[in-house]
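Structural overview
Okay, here's what each chain looks like letter by letter:
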Amino acid sequence: MPFVDRADAGRRLAGRLAELRGQDVVVLGLPRGGVAVAGEIARALQAPLDVIVVRKLGVPYQPELAMGAIGEDGVRVIDPEVMRACQVTPAELAGIEATERTELERRARHFRGGRARIPLRGRIALIVDDGVATGSTARAACRVARAEGAKRVVLALPVGAPRAVAALRREADSVVCLETPSWFHAVGQWYEDFQQVTDDEVLELLHNAGEPGSVRPARSDPSARDEEVEVLAGRIPLAGHLTIPEHSPGIVVFAHGSGSSRHSPRNRHVAGILHDAGLGTLLFDLLTRHEEVDRRLVFDIQLLAGRLRDATVWLSSQPGCREAGLGYFGASTGAAAALWAAADSAAGIAAIVSRGGRPDLATEVLHRVRAATLLIVGGNDSFVLELNRAAAQRLRCEKQLAVVPGASHLFEEPGTLDHAARLARDWFLAHFGSTGRTT
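Scoring rules and cut-offs
Residues numbered from 1 in each chain as written. Predicted model: local features only at pLDDT ≥ 70, side-chain atom pairs only at ≥ 80, totals over all residues. Heavy atoms only, no water. Helix = DSSP H or I, 4+ residues; strand = E, 2+ residues; numbered from the N terminus. Rg over C-alpha atoms; globule rule 2.2 N^0.38 Å. Buried < 20%, exposed > 50% of the residue type's maximum accessible area, 1.4 Å probe, protein only. Contact = heavy atoms within 4.5 Å. Areas by Shrake-Rupley, 256 points an atom, 1.4 Å probe, with all protein chains shown as cover. Lys, Arg positive; Asp, Glu negative; His and termini not counted. Charge placed at Lys NZ, Arg CZ, Asp CG, Glu CD. Salt bridge = Lys/Arg side-chain N within 4 Å of Asp/Glu carboxyl O. Pairing = 2+ DSSP bridges. Axes fitted to C-alpha atoms, helices over the stretch in contact; angles between N-to-C directions. Parallel < 35°, antiparallel > 145°, perpendicular 65-115°, else oblique. Left-handed = near helix turned anticlockwise from the far one by under 90°. Nonpolar A, V, L, I, M, F, W, Y, C, P; charged D, E, K, R; others polar.

**Re the overall build of the protein**
What the protein contains, in helices and strands, is 13 helices and 16 strands. A compact globule built from 439 residues should have a C-alpha radius of gyration of about 22 Å, and the protein, at 22 Å, falls within 12% of that. By principal-axis analysis of the C-alpha atoms, the protein measures approximately 70 × 45 × 40 Å. Here the protein, with 439 residues, has 55% of them falling under the buried criterion. The long-range fraction of contacts in the protein, counting pairs at least 24 apart against all pairs at least 6 apart in sequence, stands at 68%. Only carbon and sulfur atoms are counted for the fraction: they give 49% of the accessible area of the protein, which is about 18,600 Å². Between the mean site of the 52 positive side-chain charges and the mean site of the 53 negative ones, the protein shows a separation of 2 Å.

Structure representation (structure tokens):
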């Protein structure tokens, strides 16, 4: 482990950035983990510390592909080539920007607590994160800082995936990265202590910026994490995001449906409700970018199930995850993959939730599933409802069929997705134990 914790990483980075001391530099931490690293750098350089709050503007139906980014005070950076290639209309761009702008303003108000943003025009913007797996957020931050008038953009990272760091060198004027290991899988693996940084810690770090000897708040759970990761399915790296709240009773691995990804807005919404209950989640891409254009692979349930099993093995090897309860949440074809993967008794899955799933695509293994299974179907999704009723008859495990009134296949009707998420939350908590919070 190269770094003891984020503070150690910040102090070591500061040594590589000593030439900036005395220059007109603003240290900008990416919330939340980057602020803990940035605080040490700001102290060493005797420079002001601020957060840089950015939101990526993702292409509709492929939100992992950025067509631009936004920052505070109306700053917007657009990539017209991506917009043209993806045939994004001005109306679609405006809708996405409005949604992301609302979230950006909320986060900025929360982290700043009434303090004014430190202006960047004509100054050096030193952007700091605790590490990068894909680099999408750091890339957006570099573009926004430049649009805000920074005369020079420097990106400082303790560790990063080699491909991501190489791409970021095209965005920043200078990139300082202490470690670029070829066997990179996740940011957290390069820290002995990678506890999740809380909002309160960010606020305290910003409040104490520049005060020598300020005390960093203590954290109680060393297994808490919130980070981009690279999940290994055999030798194939798959992008993902791992969130483990403090004292989590279990972790839910999401298997998205056909044509979707780890950025599925519905799955992310459900994940947020699970986080509020203290449950951890792993959202990852079942296919690589090159594979997902092949529609045959999108419906290759055994391939997807194999990826899900590999992701489960990878997750179990992560710090603090070995003893955690494990569950699967699958949507559409992802539900079939989850059932197929759980039919392997070695997977050790405690509970499964299917939302609008296609369990018929796993018919031949349903009798082998031992994990407690909840099948959630929309009341207006008559075809899929019949498929799930038939599947429930074949399951030999603890099972339940829950029908959400008024919901169609995608649960787009007001309140229906929240209803399904609460059902999932309660099912996982019941089968992981009773330590989660349901408020």
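**A closer look at the pattern of salt bridges**
This structure, assessed with the given rule, holds 19 salt bridges. Here Arg76 and Glu97 are joined by a salt bridge, their closest N and O atoms 3.0 Å apart. Pair noted here: Arg76 is in strand S5 (residues 76-78) and Glu97 is in helix H4 (residues 90-112), with a separation of 21 residues, a long-range link. Salt-bridge contacts for Arg101 lead to Glu97; the nearest nitrogen and oxygen are separated by 3.3 Å. Of the two residues, Arg101 and Glu97 both sit in helix H4, 4 residues apart, roughly one turn of that helix. Residue classification places Arg101 among the buried residues on the basis of a relative accessible area of 13%. In the salt-bridge network here, residues are joined through shared partners; they are Arg11, Glu40 and Arg43.

**Some points on the environment of Ala324**
Among the secondary structure elements, Ala324 is positioned in the loop between helix H10 (301-316) and strand S13 (325-331). Its relative accessible area of 21% is what places Ala324 among the partly exposed residues. Between the alpha carbons of Ala324 and Phe432 there is a distance of 8.4 Å; along the sequence they are 108 residues apart. With sequence-adjacent residues up to four places away left out, Ala324 is seen in contact with Gly250 and Ile251.

**Observations concerning the sheet that holds strand S7 (residues 152-159)**
Spatially, 5 strands are ordered S2-S1-S6-S7-S8 in an open sheet, and the strand pairing comes out parallel. Two strands in the sheet have a free side with no partner beyond their single neighbour: strand S2 (49-51) and strand S8 (174-179). Each adjacent strand pair in this sheet contributes to an overall mean axis angle of 25°, direction not counted. Where strand S1 (residues 25-29) lies against strand S6 (residues 124-128), 5 bridges are found, and the strand directions are parallel. Looking at the pairing, Val25 lines up with Ile124 of S6.

**Regarding the packing of helix H8 (residues 265-276) against helix H13 (residues 416-432)**
Where H8 contacts H13, the axes come no closer than 9 Å and their chain directions differ by 50°. The pairing of H8 with H13 is recorded here as oblique in orientation. Handedness of the crossing formed by H8 with H13: right-handed. In this structure, H8 uses Arg266, His269, Val270, Ile273 and Leu274 to contact H13, whose residues at the interface are Leu417, Asp418, Ala421, Ala424, Arg425 and Phe428. Here the residues of the contact of H8 with H13 sort into 7 nonpolar, 1 polar and 3 charged.

Geometric descriptors of this kind do not, in isolation, establish any biological role.
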